[in-house]
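Commentary on secondary and tertiary structure
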Amino acid sequence: MPTPLKELESLLYRLITAPSGVGEGLASERNLPRTGLGAIVLGDERLSAEERADIYANMYFYRLLDALKEDFPATRKVLGDDAFHNLVTGYLIEYPPTQPSVAECGRFLSRYLRDHPQSVDAPYLADIAALERATVEVFQGPDADALSAEAMRAIPADQWPALKLRLHPCVQVLDVEWRVADLLRAVEEGRDWQPAARGAAKIVVSRRSGRVRYRELEQSEYRAIDAARTGATFANICDLVAEHSGALDPVAELNRLLARWLSDAIFIV
Amino acid sequence: MKRADFPFLGFGVGLRRPHYSHIVERRPKVDWFEVVSENFMVAGGRAIEVLEDVRAHYPIVLHGVSMSLGSTDPLNRDYLKKLRDLAKRFDPAWISDHLCWTGVGGRNLHDLLPLPYTEEALSHVVTRIRRVQDTLERPMLIENVSSYLAFADSTMTEWEFIAEIAEQADCGILLDINNIFVSAFNHRFDPNEYLDAIPVERVVQYHLAGHSDHGTHLLDTHDHPVRDEVWALYERAIRRFGAVSALVEWDDNIPEFAVLMETADRARQIYDAAARTPTEQSLDANSTERTGKPALPADHRA
Ligand SMILES: [Fe+2]
């Protein structure tokens, strides 16, 4: 009797993803025929059945390791290659890929790092991974025409107070406990990096002309963006900026912030 | 489905991220591009922008890696819907994926795993290809994969398996010449026998790629130039199948775009030379035409 296809695929899946290799995976298989994997997979004098399955096991791990290396360069820099390799081994056991796109495989790395022993020495790891993941998501996030200076000038003055600025659909605002933006920038620019300092911050991640940018938000800016997200009018935003910036000249302050929002493509109209 | 239902695109290359700027800025003289469908199943951003630009200037084909036709999991409806939407938006000359499974139990291995060549697997895959073709409202192509293991349960050869599936599902075949070569070495079969068993009218596209030699086995790594033995097999395929669009795949250690273009040009030169010098094989009963020449379109560089 041939092995039913579903059983065959499930067995191979378990062997290929076994964390310590096909050999150990085989040891925990109870329903294999007495002749072992050789009854199912053909071996020859060049490669045994187990060695052939091992080729797939290696490709599985290294393909995902490579994908995660590419998406999490700073997390890897902080950990070093060996610790990153071990991290990925554990991560794939807890969060095996389920999506058709390999770009989704890092979706839960930050969550996995929150309670990971590596985070005892470098408690900012989960935040740096969250920022790196956000840059991946924003890079491929939805398109929309960002608010431009020309578009703003074209709006009649009497319509400004009731105007609603809407957040660009690809923008993300991260809530972090460590100042990780500088660390990521240092790694991206190939400079020496310093461990992130403790300090709550909001980081905005946006995209302009196809390029992802990120920076910490000032308090008044964060209030304004948060308010815009829930439908605040331009008049509400002016009030928030005046209240939270502590600036002597709220109009000048608002103009300064508007210029940054335009250049970071934070809003659409 | 027959080959004449599809255009002859000529000699193309895979669209890969390191070449995006070069292609958009320089518009190199390439016949067509193949794009990996999953890379463009995103909401927006640079990839979509580049694909829109590329599509405005070149024919494209959508080539997927995650349809998982051989999996015993249900077909991923959401994935198929995204693929259909992508096809509606970018109007590819055709859509292809692999004759393999990529995961089971809701998990994805992100690899192309071989099937046992059994009646069960055959009817399973045929049913699924028919469903996919209904959903996509067009015929698709299935590609032979490189494999490193074979199953004791198989009751037919790989070439019998793929030929029978294509006939029963009424789909086309994307013949990966390098994959035939790699699997022939790994499983000790004659690649010529494989070619000779594939129904001529089903073959719509070739893949050409490089592999790496690990002594005990060859790995389909797409990180080397196409080897001479694979070029020779390609030439033999041309004599049997005639005018089939060819595509150069390079996914790792990706060289400058010029190297891909040279490889596509070499594919064209071999094709042109084969078209000029008919051989015994092109006269045999399995050939496209019995005129002594492969069937060439009037202007295959259009
Ligand atoms: Fe291929």
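Residues numbered from 1 in each chain as written. Chains lettered and ligands numbered in written order. Predicted model: local features only at pLDDT ≥ 70, side-chain atom pairs only at ≥ 80, totals over all residues. Heavy atoms only, no water.

1. Examining the overall build of chain B
Scanning chain B from N- to C-terminus turns up 10 helices and 12 strands. The C-alpha radius of gyration computed for chain B amounts to 18 Å, which stays within 12% of the reference 19 Å derived for 302 residues, consistent with globular compactness. In terms of its C-alpha atoms, chain B occupies a principal-axis envelope of roughly 50 × 45 × 40 Å. The long-range fraction of contacts in chain B, counting pairs at least 24 apart against all pairs at least 6 apart in sequence, stands at 79%. When the accessible surface of chain B is summed, it comes to about 11500 Å², and 48% of that surface belongs to carbon and sulfur atoms. (Helix = DSSP H or I, 4+ residues; strand = E, 2+ residues; numbered from the N terminus. Rg over C-alpha atoms; globule rule 2.2 N^0.38 Å. Contact = heavy atoms within 4.5 Å. Areas by Shrake-Rupley, 256 points an atom, 1.4 Å probe, with all protein chains shown as cover.)

2. Comments concerning the interface of chain A and chain B
In this assembly, 43 residues from chain A lie in contact with 45 residues from chain B. For the pair chain A and chain B, the summed buried area comes to about 3900 Å², and 59% of that belongs to carbon and sulfur atoms. For the interface between chain A and chain B, the tally reads 4 salt bridges. Close ionic contact of B:Arg188 with A:Glu45 constitutes a salt bridge, the shortest N to O distance being 2.6 Å. When residues of the side of chain A that touches chain B are traced back to their parent elements, those giving at least two are helix 1 (5-17) and helix 3 (49-71) of chain A. Classifying every residue of the side of chain A that touches chain B gives 24 nonpolar, 9 polar and 10 charged. (Buried area = accessible area lost by both parts, 1.4 Å probe. Salt bridge = Lys/Arg side-chain N within 4 Å of Asp/Glu carboxyl O. Nonpolar A, V, L, I, M, F, W, Y, C, P; charged D, E, K, R; others polar.)

3. Concerning the coordination of the iron ion
Residues and elements named next belong to chain B. At the metal site, the iron ion is ligated by Glu 143 (OE), Asp 176 (OD), His 207 (ND1) and Glu 249 (OE), and these contacts range over 2.0 to 2.5 Å. Coordination at the iron ion is irregular: its 4 donor atoms span angles of 82 to 168 degrees at the metal. Motif for the iron ion, donor spacing along one chain: E-x32-D-x30-H-x41-E. A residue pair is termed long-range when its members are at least 10 positions apart, and Glu 143 in strand 7 (residues 141-143) and Glu 249 in the loop between strand 12 (245-248) and helix 9 (257-276) qualify at 106 residues. (Donors = N, O, S within 2.8 Å, 3.2 Å for Na, K, Ca; no water. Tetrahedral: all angles 85-135°; square planar, octahedral: opposite > 155°, others 65-115°.)

4. With respect to the state of the cysteines
According to the stated counting rule, one finds 0 disulfides over all chains in the structure shown. The thiol of B:Cys100 is unpaired, and the distance to the nearest cysteine sulfur, on B:Cys171, comes to 13 Å. (Disulfide = S-S within 2.5 Å.)

5. Details of the pattern of salt bridges
Across all of its chains, the model carries 39 salt bridges over all chains by this definition. Between A:Arg14 and A:Glu29 there is a salt bridge, with its nearest N and O atoms 2.7 Å apart. Of this pair, A:Arg14 sits in helix 1 while A:Glu29 sits in the loop between helix 2 (22-27) and helix 3, and the two are 15 residues apart along the sequence. Overall, the relative accessible area of 41% leaves A:Arg14 in the partly exposed class. Here B:Asp91 makes a salt bridge to B:Arg55, at a shortest N to O gap of 3.7 Å. Of this pair, B:Asp91 sits in the loop between helix 3 (77-90) and strand 4 (95-98) while B:Arg55 sits in helix 2 (residues 46-57), placing them 36 residues apart in sequence. Judged by relative accessible area, B:Asp91 falls into the partly exposed class, the value being 48%. Put simply, A:Arg213, A:Arg215, A:Glu218, A:Glu221, A:Glu253, A:Arg256, A:Arg260 and A:Asp264 are held in one network by salt bridges that share partners. (Buried < 20%, exposed > 50% of the residue type's maximum accessible area, 1.4 Å probe, protein only.)

6. A short note on the packing of aromatic side chains
Inspection of the entire model under this criterion finds 23 aromatic pairs over all chains. Ring centres 5.8 Å apart and planes at 35 degrees place the aromatic pair B:Phe189 and B:Tyr194 in the tilted group. Each residue in the set A:Tyr91, A:Tyr95, A:Phe108 and A:Tyr112 is aromatic and connected to the rest through ring pairs, giving one cluster. Its guanidinium or amino end placed over the ring of B:Phe185, A:Arg46 lies 4.6 Å from that ring's centre, counting from NZ or CZ. Looking at A:Lys202, its charged tip hangs above the ring of A:Tyr222, at a distance of 4.8 Å from the centre. (Phe/Tyr/Trp six-rings, centres within 6.5 Å; stacked < 30°, edge-to-face > 60°. Lys NZ or Arg CZ within 6 Å of the ring centre and 35° of its normal.)

7. So, the packing of helix 12 (residues 234-245) of chain A against helix 13 (residues 250-264) of chain A
Residue and element names in this part refer to chain A. Where helix 12 contacts helix 13, the two axes come as close as 10 Å, and the packing angle between them is 110 degrees. Between helix 12 and helix 13, the angle falls in the class roughly perpendicular. Read as a crossing pair, helix 12 and helix 13 show a hand that is right-handed. Contact residues: helix 12 offers Phe 234, Ile 237, Cys 238, Val 241, Ala 242 and Ser 245, while helix 13 offers Pro 250, Glu 253, Leu 254, Leu 257, Leu 258 and Trp 261. Its residues assigned to classes, the contact of helix 12 with helix 13 shows 10 nonpolar, 1 polar and 1 charged. (Axes fitted to C-alpha atoms, helices over the stretch in contact; angles between N-to-C directions. Parallel < 35°, antiparallel > 145°, perpendicular 65-115°, else oblique. Left-handed = near helix turned anticlockwise from the far one by under 90°.)

8. Structural notes on the domain arrangement of chain A
Interfaces are often sized by the amount of accessible area the parts lose when they come together. Residues and elements named next belong to chain A. Taken domain by domain, chain A consists of domain 1 (1-71) and domain 2 (72-268). Computed from C-alpha atoms alone, the centre-to-centre distance between domain 1 and domain 2 is 41 Å. Domain 1 puts 12 residues into the contact, and the matching count from domain 2 is 18 residues. Taken together, the two surfaces of domain 1 and domain 2 that pack against each other cover about 1400 Å², and 75% of this comes from carbon and sulfur. For the pair domain 1 and domain 2, the interface holds 0 salt bridges. Among the elements that make up the side of domain 1 that touches domain 2, the one with the highest residue count is helix 3 (10 residues). When its residues are assigned to classes, the side of domain 1 that touches domain 2 shows 9 nonpolar, no polar and 3 charged. (Domains from an automatic or database assignment.)

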